[in-house]
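Spelled out, the chains give:
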Amino acid sequence: MLFLAKAFAIGVLVWFYTTAREKGESPINWAITGLIGYVIVWIAVRYTLIQALWGMVSKNPTAAMIVMQIPALCAIAGAALIRKKLISNAAEKND
């Protein structure tokens, strides 16, 4: 079930790394920042929202599998916001 979360985490690393290279920033710093942001959001959603919903969906395997993907999707949204902020900061720095 965590395959999607791991695949997205690798995707976030690549996404932030390539964006940083395009913007002339430090790719390693951006990739680490993106991964940390992704993991923090994933853990927060996993241990709050999913814990609350688990009692309702634990008996239905299909619903349980779908609900277990919610943290990965929220983490991607969080990573997108972090990336947007990093791009904004890079633009201000270059002006």
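Above this text you will find the structure in question.
Residues numbered from 1 in each chain as written. Predicted model: local features only at pLDDT ≥ 70, side-chain atom pairs only at ≥ 80, totals over all residues. Heavy atoms only, no water.

Membership of the largest hydrophobic core comes to 13 residues, with the highest contact counts inside it found for Ala 5, Val 12, Phe 16, Trp 30, Tyr 38, Trp 42 and Ala 72. Secondary structure elements with two or more residues in this core: helix H1 (3–23), helix H2 (27–57) and helix H4 (70–94). Look past the residues within four positions of Phe 16 in its chain and what remains in contact with it is Trp 30, Ala 31, Gly 34, Ala 79, Ile 82, Arg 83 and Leu 86. In this structure, Ile 50, Val 57, Val 67 and Met 68 belong to the second largest nonpolar core, which totals five residues. (Core = buried A, V, L, I, M, F, W, Y, C linked by side-chain atoms within 4.5 Å. Buried < 20%, exposed > 50% of the residue type's maximum accessible area, 1.4 Å probe, protein only. Helix = DSSP H or I, 4+ residues; strand = E, 2+ residues; numbered from the N terminus. Contact = heavy atoms within 4.5 Å.)

With that out of the way, let us pick up the side chain of Thr 19. Along the chain, the position of Thr 19 falls in helix H1. Of the residues examined, Thr 19 reaches a relative accessible area of 2% and is grouped as buried.

This brings us to the packing of H2 against H4. Where H2 meets H4, the closest approach of the two axes is 8 Å, and the angle between their N-to-C directions is 145°. For H2 against H4, the interelement crossing comes out right-handed. Side by side, H2 and H4 meet where Trp 30, Thr 33, Gly 37, Tyr 38, Val 41, Trp 42, Val 45, Arg 46, Leu 49 and Ile 50 of the first sit next to Ile 70, Pro 71, Ala 72, Cys 74, Ala 75, Ile 76, Gly 78, Ile 82, Leu 86, Ile 87 and Ala 90 of the second. Of the residues belonging to the contact of H2 with H4, the class tally is 17 nonpolar, three polar and one charged. (Axes fitted to C-alpha atoms, helices over the stretch in contact; angles between N-to-C directions. Left-handed = near helix turned anticlockwise from the far one by under 90°. Nonpolar A, V, L, I, M, F, W, Y, C, P; charged D, E, K, R; others polar.)

It is worth spelling out the packing of aromatic side chains at this point. Within the structure shown, the criterion is met by one aromatic pair. Taking the centre distance of 5.7 Å and the plane angle of 85° together, the rings of Trp 15 and Phe 16 count as edge-to-face. Using a relative accessible area of 30% as the deciding quantity, one classes Trp 15 as partly exposed. Owing to a relative accessible area of 0%, Phe 16 belongs among the buried residues under this scheme. Stacked on the ring of Tyr 47, the Lys or Arg Arg 46 has its end atom at 5.2 Å from the ring centre. (Phe/Tyr/Trp six-rings, centres within 6.5 Å; stacked < 30°, edge-to-face > 60°. Lys NZ or Arg CZ within 6 Å of the ring centre and 35° of its normal.)

Between its first and last C-alpha, H1 extends 30 Å over 21 residues, near the 30 Å set by a 1.5 Å rise per residue. Check the buried side of H1 and you find it contacts H2 and H4. One or two steps after H1, the chain reaches Gly 24, where phi turns positive at roughly 75°. (Expected span 1.5 Å × (residues − 1).)

Next up on the list: the packing of H1 against H4. Taken N-terminus to C-terminus, the directions of H1 and H4 make an angle of 10°; their axes are 11 Å apart at the nearest point. On the basis of the axis angle, H1 is roughly parallel to H4. Residue-level inspection shows Ala 5, Phe 8, Val 12, Trp 15, Phe 16, Thr 19 and Lys 23 of H1 in contact with H4, the latter providing Ala 72, Leu 73, Ile 76, Ala 79, Ala 80, Ile 82, Arg 83, Leu 86, Ile 87 and Asn 94. (Parallel < 35°, antiparallel > 145°, perpendicular 65-115°, else oblique.)

Helix geometry: H2 is bent most strongly at Ile 50, by close to 45°. All buried positions along H2 are accounted for by Pro 27, Trp 30, Ala 31, Gly 34, Gly 37, Tyr 38, Trp 42, Val 45, Arg 46, Ile 50 and Val 57. Contacts from the buried residues of H2 go to H1, helix H3 (61–67) and H4. (Bend = angle between axes of the 7 residues up to and from the residue.)

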